[in-house]
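# An overview of the molecular structure
Below are the chains, spelled out letter by letter.
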Amino acid sequence: MRESLRTVLVSFFEEYAPESFYVKEISEHFGMNQSQDFKILVKELAALEEEGILELNRNGKFGLNPLNQTLKGTYRANDKGFGFVTVVEGEPDIFIPRGDTMSAMDGDEVELVITEPADSYRQRSATGKIVQIIQRNTTQVVGIYTRFSSETAEDTGYCGEVVVKDKKLAGTRCLIRPNGLHPVDGTVVIVELTKYTNEKNRSSLEGIVVKEIGYKDAVGMDILMVLQQLHIPTEFPQEVIDQANLVPEVITDEDRQGRKDLRGQLTVTIDGADAKDLDDAVALTKREDGTFELTVSIADVSYYVTENSAIDREAFERGTSVYLTDRVVPMLPQRLSNGICSLHPHEERLTMSCRMEIDRSGTIYQYEIFPSVIRSDMRLTYSLVNELYEKKEVEIQDEIQQMLLDMKELHHILERRRKERGAIDFETHEAKIIVDEQGAPIDIQIRERGVAERLIESFMLAANETVAMHYQRKNVPFIYRVHEQPQQEKMQRFLEFVTAFGINIKGTSDTISPKKLQKALDEVKGETYEAVVSTMMLRSMKQAKYDIIPSGHYGLAAEDYTHFTSPIRRYPDLIVHRMIRQYEGSGSFLSKQQEELNASKLERIADQSSKMERLAVQAEREVDAMKKAEFMADKIGQEFEGIVSSVTKFGMFVELPNTVEGLVHITHMNQDYFNFIESHLVLIGERTGVTYRIGDCVKVKLIKVDVEAHEIDFILAADNADLITQNKRPTKGKEVPKKATKKESRSKKSKKSSKNKGRQHFKAQAKQKRRKKHS
């Protein structure tokens, strides 16, 4: 019996390799849930682990020991030369050291072997070595061309070289063969790769120039290079432009057919002053009984962008609009996004509306979703509405003013309801970089989120939830915005981390509710260590994505959620509108074959949209980092006050009030030798006991700016001691303990330092939980 079970278990893990499973999942699979059977199963799994056939990972899951297998996965490069391979989504990545990457490039499909297994006790992931490149992901690179002399070209067979701009390929030369374009020196070009690096020649690629983008010093070329490098298209194909030009600029009687006429309802748009694509409008009626009727009307882009048209195919590929410092890379041609689809005031526009009836508690007790036609009465800006709420004189007619005051009241009701159910409110500072006509940064301003911004957010959230709930209840294929429960391992680390601040969150790491996390944020509000708690909580969260499975939105504490309100700039929203039209037009009755087809198409759309969203975020961050470096380039030698935003073993990052962030490298922290305590994210001086952690105030001096690498270097200012003493430590819980000096350690061997006690407490606690879990 034992040998039979052993064989079956090994076969099971080999079949599903490299996936891993909890004991409960294995027992349910084999129907061994009864007490006696379960004990036998656990005993056999433990024996297989002891023999090295299985591995128990740090998530408490059993899987085939990776030392016994060759794995396949996707390589993610780091600009420092090392990287990680994702073998199974949701499982810990495998670390690939510099020298073991076999010249793999970001996104390559690779084959690897494990050289060092994961250490769950020390929370270290497995280390591996790439043994084969299965498929290359990068086929083109972007850079600045330098032409070789005739003599060099004749000797080498290359006509020039390109310095690749991708930071993950830092230091890589790309030699250019003569059978392509022949640009002049200093031209930004796209190179199609014909030969990749190998073990003997790790820093070189080969290719031909297939496109000239422009001269390196041309206005806006720096941003254009980032977009080209990330393969974000900046021009629309002629076919798309031609099709967009055929779209009419006015609404006809035929367009109005089958739509509710909302043109007589008082309706406004509220957006930023520089917004051009106005895709949402709101209307509100407050009844005598204190209830509200809120109508959110969204530009009906799907009416103009039909399935599988040239515009639709291009929008699918782009996935989203990309918002950069001085420009927008739109998802749709401007004739649509800024024209017939934009809800300009006093112009008839086709919309998809969600009308909700809401009581005084914020409960939506009745709703309807329908195609409509509106005429916005006024284009309002956030700043103007905020001035009204601050009781300043504004030029807004009385009727609209009263509606805006009612909107403010409803917003606070909805906001309170979200908070009561446990939605997590992460306060983040967003910067707006002001550039001159040449694209050079001249100022960095913090975007303020007033009541007007939060009000529109509340109304859009309500509409998104209502639409998602409606179609989830109908049980038809649909696309959702999901934010899954945090990974058990990451949440466990966070729960253990915050105990040092006197914060005890009840619940287990795999079932903790967002309401309890929000309560923890409320508890540290205003404390000097608020930043570190908020940062660590944010790091424990999963990334939101699109999916066809309605698994809810953890951060919003919402059971159902989708994106319905921005179809001009997000493809999933456009698809949600298209599905609404299809389902309502068919009376929500579809054949099983049509439902399966819809599900297949929506799954592909969800994957592509999630991918392009991540790419857009990457582009926005890279451009912001570049412009911030440019802004600081002429300020070397100046001193600034800031806060510690991150702590690592190689130093700490300091963020200035304008969100510019730079590194104080540990080699420049000369006042002491600093130890990095990872469990507390703190640097502790051995001799002085001085500590640095996230949220601490420091004064720094700018010593270096590398605009090309987007890097800023600080050192601690000479008069930093005064600020250090102002950094209050938590009084509710345990202080982050100081590390004993070597002299103290020798003289007090029998005593444990407070730091070691704290670390032993956390380790013992974690060990006890692991034992319970494994048993």
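These figures come from a predicted structure and were not determined experimentally.

### What about the overall build of the protein chain?
Counting secondary structure elements, the protein chain contains 20 helices and 34 strands. Among the 775 residues that make up the protein chain, the fraction classed as buried is 49%. Expressed as a percentage of contacts within the protein chain between residues at least 6 apart in sequence, the contacts between residues at least 24 apart total 67%. Carbon and sulfur atoms make up 47% of the accessible area of the protein chain, which totals about 38,500 Å².

### Notes on unusual backbone geometry
Phi at K391 is positive, roughly 65°, even though this residue is not glycine. Within the fold, K391 resides in the loop between α10 (382–389) and α11 (398–421). At T659, a residue that is not glycine, the phi angle is positive and equals roughly 80°. As for its position among the elements, T659 is in the loop between β28 (651–655) and β29 (661–665).

### Thoughts on the sheet that holds strand β11 (residues 173–176)
In sheet architecture, strand pairing relies on hydrogen bonds along the backbone and comes in two forms, parallel and antiparallel. Taken together, the 5 strands give a closed barrel; going around it, the order is β9-β10-β11-β13-β12, and neighbouring strands pair in mixed fashion. Between one strand axis and the next, the sheet turns by 50° as a mean value, whatever way the strands run. Two elements, strand β10 (residues 160–164) and β11, share 4 bridges in a ladder whose sense is antiparallel. When the sheet's bridge partners are listed, V163 is paired in β11 with R173. Across the face of the sheet, helix α5 (residues 221–229) comes into contact with β9 (140–147), β12 (187–195) and β13 (204–215) while running at roughly 135° to β13.

### Digging into the UniProt feature "coiled-coil region" (unreviewed entry) in the protein chain
According to UniProt, the "coiled-coil region" (unreviewed entry) feature falls on residues 602–629. The straight-line gap between the two end C-alpha atoms of residues 602–629 is 40 Å; of that span, 100% is helix and 0% is strand.

### Considering the packing of aromatic side chains
With the rule as written, the count across this model stands at 16 aromatic pairs. An angle of 45° between the planes, with centres 5.1 Å apart, marks the rings of F12 and F21 as tilted. You can call F12 buried: its relative accessible area is 7%. On the basis of an interplanar angle of 55° and a centroid distance of 5.7 Å, the ring pair of F82 and F95 is categorised as tilted. Here the residue F82 occupies a position in the loop between β4 (70–77) and β5 (83–86), and F95 occupies one in strand β6 (residues 94–96), the gap between them amounting to 13 residues.

### A closer look at the side chain of Q229
Relative to the helices and strands, Q229 resides in helix α5. For Q229, the contacting residues outside a window of four places in its chain are V142, K165, D166, K167 and E622.

### Some details on the packing of α11 against helix α12 (residues 451–474)
Closest axis-to-axis distance for the α11/α12 pair is 9 Å, and the angle between their directions is 65°. In terms of crossing hand, the pair formed by α11 and α12 is left-handed. Only V451, R454, L455, S458, F459, L461 and E465 of α12 make contact with α11, whose side of the interface consists of M407, K408, L410, H411, L414, E415, R418 and R421. Its residues assigned to classes, the contact of α11 with α12 shows 7 nonpolar, 2 polar and 6 charged.

### So, the sheet that holds strand β33 (residues 697–706)
Spatial ordering of the closed barrel is given by β27-β28-β29-β34-β33, a layout of 5 strands whose pairing is mixed. Across this sheet, the average inter-strand angle for adjacent strands is 50°, counted without regard to direction. For strand β27 (residues 639–648) and β33, the ladder comprises 5 bridges, and the chain directions are antiparallel. Bridge assignment links E641 to a residue of β33, and that residue is K699. Sheet strands touched by helix α17 (residues 592–632): β27, β33 and β34 (711–716). Its angle to β33, the strand with the most contacts, is close to 95°.

### Structural notes on the packing of helix α16 (residues 571–585) against α17
Relative placement of two packed helices is described by the angle separating their axes and the distance separating the axes. In the contact formed by α16 and α17, the axes pass within 10 Å of each other and the chain directions differ by 165°. It follows that α16 is roughly antiparallel to α17 by the angle criterion. Handedness of the crossing formed by α16 with α17: left-handed. Where α16 approaches α17, its residues Y571, P572, I575, M579, Q582 and Y583 are matched on the opposing element by Q594, N598, L602, I605 and S609. Partitioning the contact of α16 with α17 into residue classes produces 7 nonpolar, 4 polar and no charged.

### Some words on the side chain of S610
Relative to the assigned elements, S610 resides in helix α17. Judged by its relative accessible area of 5%, S610 falls in the buried class. With near-sequence residues (within four places) excluded, S610 lies in contact with K545 and Y546.

### Examining the pattern of salt bridges
All told, the structure shown has 40 salt bridges when counted by the stated rule. Note that D222 is salt-bridged to K627, the shortest N-O span being 2.8 Å. Placement of the pair is D222 in helix α5 and K627 in helix α17, with a sequence separation of 405 residues. Assessed through its relative accessible area of 22%, D222 is described here as partly exposed. K627 sits in the buried class, given a relative accessible area of 2%. The closest approach of N and O atoms between R360 and E409, which form a salt bridge, is 2.6 Å. Of this pair, R360 sits in the loop between β20 (348–358) and β21 (364–375) while E409 is found in helix α11, placing the two residues 49 residues apart along the sequence.

### Comments concerning α11
Residue pairs three or four apart in sequence face the same way in an α-helix, which turns once every 3.6 residues. In this model, α11 (24 residues) spans 35 Å end to end at C-alpha, consistent with the 34 Å of a helix rising 1.5 Å per residue. Within the span of α11, buried status applies to I400, M403, L404, D406, M407, L410, H411, I413, L414 and R418. At the exit of α11 stands G422, carrying a positive phi of roughly 110°.

### What to know about the confidence of the model for the protein chain
Summary statistics for the protein chain give a mean pLDDT of 86 and a share of 90% for residues scoring 70 or more. Confidence drops under pLDDT 50 across residues 728–775; counting only partners more than four residues distant or on other chains, this segment forms 62 contacts.

### Thoughts on the environment of A558
Tracing the backbone through its elements, the reader meets A558 in the loop between β26 (545–547) and α16. What makes A558 buried here is its relative accessible area of 6%. Setting aside residues up to four positions removed in sequence, A558 forms contacts with R421, E465, G552 and H553.

### With respect to the nonpolar core
L404 and F459 are the most contacted members of the largest nonpolar core, which totals 83 residues. Looking at this core element by element, the count peaks at 10 residues for α12. In this structure, L404 is in contact with I270, L380, V385, L388, Y389 and I396, ignoring residues within four places of it in sequence. In terms of nonpolar packing, the next biggest core, distinct from the first, is built from 50 residues, I512, L517, V664 and Y692 among them.

### Things to note about α5
Summarising burial for α5: 8 of the 9 residues are buried, a large majority. Of the residues making up α5, those classed as buried are M221, I223, L224, M225, V226, L227, Q228 and Q229. Here the buried face of α5 lies against β9, β12, β13, β19 (328–329) and α17. Looking one or two residues beyond α5, the residue adopting positive phi is H231, at roughly 60°.

### A short note on the environment of L227
Positionally, L227 belongs in helix α5. Separated by 396 residues in sequence, L227 and V623 have C-alpha atoms that sit 9.2 Å apart.

### Focus: the pairing of β33
With 6 bridges connecting them, β33 and β34 associate as antiparallel partners. From the neighbouring strand, V700 faces β34, where its bridge partner is L716. Linking two consecutive strands that pair antiparallel, namely β33 and β34, is a turn of 4 residues; a positive phi of about 60° is found at H710 within it.

Definitions and cut-offs
Residues numbered from 1 in each chain as written. Predicted model: local features only at pLDDT ≥ 70, side-chain atom pairs only at ≥ 80, totals over all residues. Heavy atoms only, no water. Helix = DSSP H or I, 4+ residues; strand = E, 2+ residues; numbered from the N terminus. Buried < 20%, exposed > 50% of the residue type's maximum accessible area, 1.4 Å probe, protein only. Contact = heavy atoms within 4.5 Å. Areas by Shrake-Rupley, 256 points an atom, 1.4 Å probe, with all protein chains shown as cover. Pairing = 2+ DSSP bridges. Axes fitted to C-alpha atoms, helices over the stretch in contact; angles between N-to-C directions. UniProt positions renumbered as here; feature names shortened; annotations may be inferred. Phe/Tyr/Trp six-rings, centres within 6.5 Å; stacked < 30°, edge-to-face > 60°. Left-handed = near helix turned anticlockwise from the far one by under 90°. Nonpolar A, V, L, I, M, F, W, Y, C, P; charged D, E, K, R; others polar. Parallel < 35°, antiparallel > 145°, perpendicular 65-115°, else oblique. Salt bridge = Lys/Arg side-chain N within 4 Å of Asp/Glu carboxyl O. Expected span 1.5 Å × (residues − 1). pLDDT = per-residue confidence, 0-100. Core = buried A, V, L, I, M, F, W, Y, C linked by side-chain atoms within 4.5 Å.

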